[in-house]
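# Coordinate inspection notes
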Amino acid sequence: MWVGLSKETAHQLATPISSLMAWSEYLKLKNGAEGVPAEFDKDIDRLRMIADRFSKIGTPSELKPTDLRETVRQTLAYMEKRISGNIALKMVFPEHPVTVPLNEPLFGWVIENLVKNEANAMGGTGLITFTAREKNGRAVLDVGDTGKGIPASKFKTVFTPGYTTKERGWGLGLSLVKRIVEETHHGKIFVKQSAPGKGTVFRIVLQICQRSEERRVGKECRS
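This section reports on the structure supplied with the text.

Reading the values: the criteria
- All chains use their own residue numbering, which begins from 1 and follows the written sequence.
- pLDDT decides what is reported in this predicted model: residues at 70 or higher carry local features, side-chain atom pairs at 80 or more are listed and counted, and totals for whole chains, interfaces and linings draw on all residues regardless.
- Water and hydrogen atoms play no part in the side-chain values, which are based on all heavy atoms of the structure.
- Numbered from the N terminus, helices here are DSSP runs of H or I no shorter than four residues, and strands are runs of E no shorter than two.
- Burial classes: relative accessible area under 20% of the type maximum marks a residue as buried, over 50% as exposed, and values in between as partly exposed (1.4 Å probe, protein chains only).
- Paired strands are those between which DSSP finds at least two bridges.
- Patch membership requires more than 30% relative accessible area and the absence of a salt bridge. Residues of like charge join within 9 Å; the nonpolar side chains Val, Leu, Ile, Met, Phe, Trp and Tyr join within 5 Å.
- Per-residue and other accessible areas were derived by the Shrake-Rupley procedure at a 1.4 Å probe size, with only the shown protein chains allowed to occlude residues.
- Any carboxyl oxygen of Asp or Glu within 4 Å of a side-chain nitrogen of Lys or Arg constitutes a salt bridge here.
- Stacked, edge-to-face and tilted labels apply to pairs of Phe, Tyr and Trp rings (six-membered ring for Trp) whose centres lie within 6.5 Å, assigned for plane angles under 30 degrees, over 60, and everything in between, in that order.
- Two limits define a charge over a ring: the Lys NZ or Arg CZ must be within 6 Å of the ring centre, and within 35 degrees of the ring normal.

## Here we look at unusual backbone geometry
With a phi close to 55°, Asn136 is a non-glycine residue in the positive phi region. Topologically, Asn136 is positioned in the loop between β4 (126-135) and β5 (138-145). Positive phi, close to 55°, is recorded for His186, a residue that is not glycine. Considering the arrangement of structural elements, one finds His186 in the loop between α5 (173-184) and β6 (188-194).

Put into structure tokens, the structure is as follows:
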């Protein structure tokens, strides 16, 4: 039922999204490119991505070697203008690519949900830090905030569907994150550290793709 609803949602979104794209092009022709704010087109692209995400639910997802740093950067560039101006987003990345097998639209959903979750935990003010690196033959992405923290007894519970601390919320964000990371990308996500009043760090561990010279012998990504 859920798969059917997701695919029908994607199908129903297609028509208004196409209409918005057409109106954007019309306004550009009539008033010039400056007549259409850049954020308008970005939001249309985001709607297309959302529809694409819904259409992929319940079907095998294609994973492609992708630089994890760029996927995170692109998602945060979109999100930073759509969260509180009192929240800073910081990235600590190595200079070299961190290449992992990704489905970019779905993994972007992971980053969005983590940003929203941590922004809520900080009450709209604070710092969210994304730290990527390679460790023990895996790609590691730590996402830390300066929020209210999570008691140790809730480290696993936060990923349970329906768990939420908000008065209005479905409690599906982190459960969706866990499903995308673990079932789609064959990785792991867990609370690395947290304490009440001291913030939280979520850790994502993913397979890593070999360097180009190793890929030529048929070993694209470490399992």
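## With respect to the pairing of strand β7 (residues 200-206)
With seven of its seven residues buried, β7 lies for the most part within the structure. As defined by bridge partners, β5 adjoins β7 across six bridges and the pair is classed as antiparallel. Bridge pairing in β7 links Val143 to Phe202. Across six bridges, β6 lies against β7 in antiparallel orientation. Across the sheet, the residue bridging to Phe190 is Arg203, located in β7.

## A closer look at a nonpolar patch on the surface
Together, Leu20, Phe40 and Leu47 make up an exposed nonpolar region whose accessible area comes to about 210 Å². Its place among the elements puts Leu47 in helix α2 (residues 38-56). Looking at Leu47, the relative accessible area reads 32%, which means it is partly exposed.

## Overview of the packing of aromatic side chains
Overall, the coordinates contain one aromatic pair when judged by the stated rule. Relative to Phe202, the ring of Phe159 lies with its centre 6.0 Å away and its plane at 80°, an arrangement referred to as edge-to-face. On the criterion of sequence distance, the pair formed by Phe159 in the loop between β5 and α5 and Phe202 in strand β7 is long-range, its members being 43 residues apart. Summarising the burial analysis for this pair, Phe159 and Phe202 share the class buried. Cation over ring: Arg82 sits above Tyr78, and NZ or CZ is 3.8 Å from the ring centre. Stacked on the ring of Phe159, the Lys or Arg Lys178 has its end atom at 5.4 Å from the ring centre.

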